[in-house]
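Understanding the architecture of this molecule
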Amino acid sequence: MHINDAVFLEDLCPKFKLRQWRKSIHRFTGKSCIYCGKPSESIDHVLPRSQGGLSTTENCVPACLSCNGDKSDENALYWYRKQKFYDPRRAMAIRAWLDGDLRLAIRLLQWASPNSKVNNKNQEQDESKYEAA
Ligand SMILES: [Zn+2]
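Residues numbered from 1 in each chain as written. Predicted model: local features only at pLDDT ≥ 70, side-chain atom pairs only at ≥ 80, totals over all residues. Heavy atoms only, no water.

**Considerations on the overall build of the protein**
Across its full length, the protein carries seven helices and two strands. Scanning the protein from its N terminus toward the C terminus, one meets helices and strands in the order α-α-β-β-α-α-α-α-α. A buried classification covers 35% of the 133 residues belonging to the protein. (Helix = DSSP H or I, 4+ residues; strand = E, 2+ residues; numbered from the N terminus. Buried < 20%, exposed > 50% of the residue type's maximum accessible area, 1.4 Å probe, protein only.)

Okay, here's the thing in structure tokens:
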């Protein structure tokens, strides 16, 4: 251990850190599945751990249990293309997410589902309009 290392609660308690990280991933998409837009109940490894996929933000997307289970160990983009709910904008979002460009990914997801909670900014604006009315 290095003397200069600051000691964070997160370091002392890795489980806490993991939980915070999982929460933050769900928050990016307003708790909706990146594939189908339903509530995300799990985190999907885009490149499965069995194939060397890491638990990094770039490789982990919010997913509902049904998508997560159905996709299993398949390549996410190939699998996604075969789904009924396939949306090219979401496919682009997944690709951007994998590239680590979360801002672009979130913007594409907003575009794919303008009414979802992903669009936090507009929602706030709408609410303030509501109060003024
Ligand atoms: Zn889903």
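**Thoughts on helix H6 (residues 102-112)**
Every buried residue belonging to H6 is among Leu102, Ala105, Ile106, Leu108, Leu109 and Ala112, and all of these are buried. Buried residues of H6, viewed axially, fall in a sector of 160 degrees; they line one side. Across H6 from its buried face, at more than 90 degrees, point the exposed residues Arg103, Arg107 and Trp111. Elements that come into contact with the buried residues of H6 comprise helix H2 (14-28) and helix H5 (88-98). (Arc of directions from axis to C-beta. Contact = heavy atoms within 4.5 Å.)

**Side note on the coordination of the zinc ion**
The coordination sphere of the zinc ion, as far as protein atoms go, consists of Cys33 (SG), Cys36 (SG), Cys64 (SG) and Cys67 (SG), spread over 2.3 Å. If you look at the zinc ion, its four donor atoms make angles of 102 to 117 degrees with each other, and the shape they trace is tetrahedral. Each donor residue of the zinc ion belongs to the same chain, and together they define the spacing C-x2-C-x27-C-x2-C. Among the residues examined, cysteine 36 registers a relative accessible area of 18% and is labelled buried. (Donors = N, O, S within 2.8 Å, 3.2 Å for Na, K, Ca; no water. Tetrahedral: all angles 85-135°; square planar, octahedral: opposite > 155°, others 65-115°.)

**Focus on the pattern of salt bridges**
Inspection of every chain in the model, using the stated rule, returns three salt bridges. A salt bridge links lysine 71 to aspartate 44, with the nearest nitrogen and oxygen atoms 3.2 Å apart. Remark: aspartate 44 occurs in strand S1 (residues 42-45) and lysine 71 occurs in helix H3 (residues 65-71); sequence separation between them is 27 residues. Classification of aspartate 44 as buried rests on a relative accessible area of 2%. (Salt bridge = Lys/Arg side-chain N within 4 Å of Asp/Glu carboxyl O.)

**Things to note about the nonpolar core**
With 26 residues, the main nonpolar core has Cys33, Ile34, Tyr35, Cys67 and Trp97 as its most contacted residues. Going through the elements one at a time, H2, strand S2 (60-63), helix H4 (76-81), H5 and H6 are the ones with two or more residues in this core. If one sorts the elements of this core by residue count, H5 sits on top with five residues. Filtering out sequence-adjacent residues up to four positions away, tryptophan 97 remains in contact with Ile25, Phe28, Thr29, Ile34, Thr57, Glu58, Cys60, Val61, Pro62, Leu102 and Ala105. (Core = buried A, V, L, I, M, F, W, Y, C linked by side-chain atoms within 4.5 Å.)

**A short note on H2**
With 15 residues, H2 ought to run about 21 Å at 1.5 Å a step, and its terminal C-alpha atoms sit 21 Å apart, in line with that. Within H2, burial applies to Trp21, Ile25 and His26. Taken end-on, H2 shows its buried residues confined to a sector of 135 degrees, consistent with a single buried face. In H2, the exposed positions that point more than 90 degrees away from the buried face belong to Arg19 and Arg27. Buried-residue contacts for H2 involve S1, S2 and H5. Of the residues one or two after H2, glycine 30 is the one with positive phi, at around 65 degrees. (Expected span 1.5 Å × (residues − 1).)

Take it as geometry only, folks, not as evidence of what the structure does.
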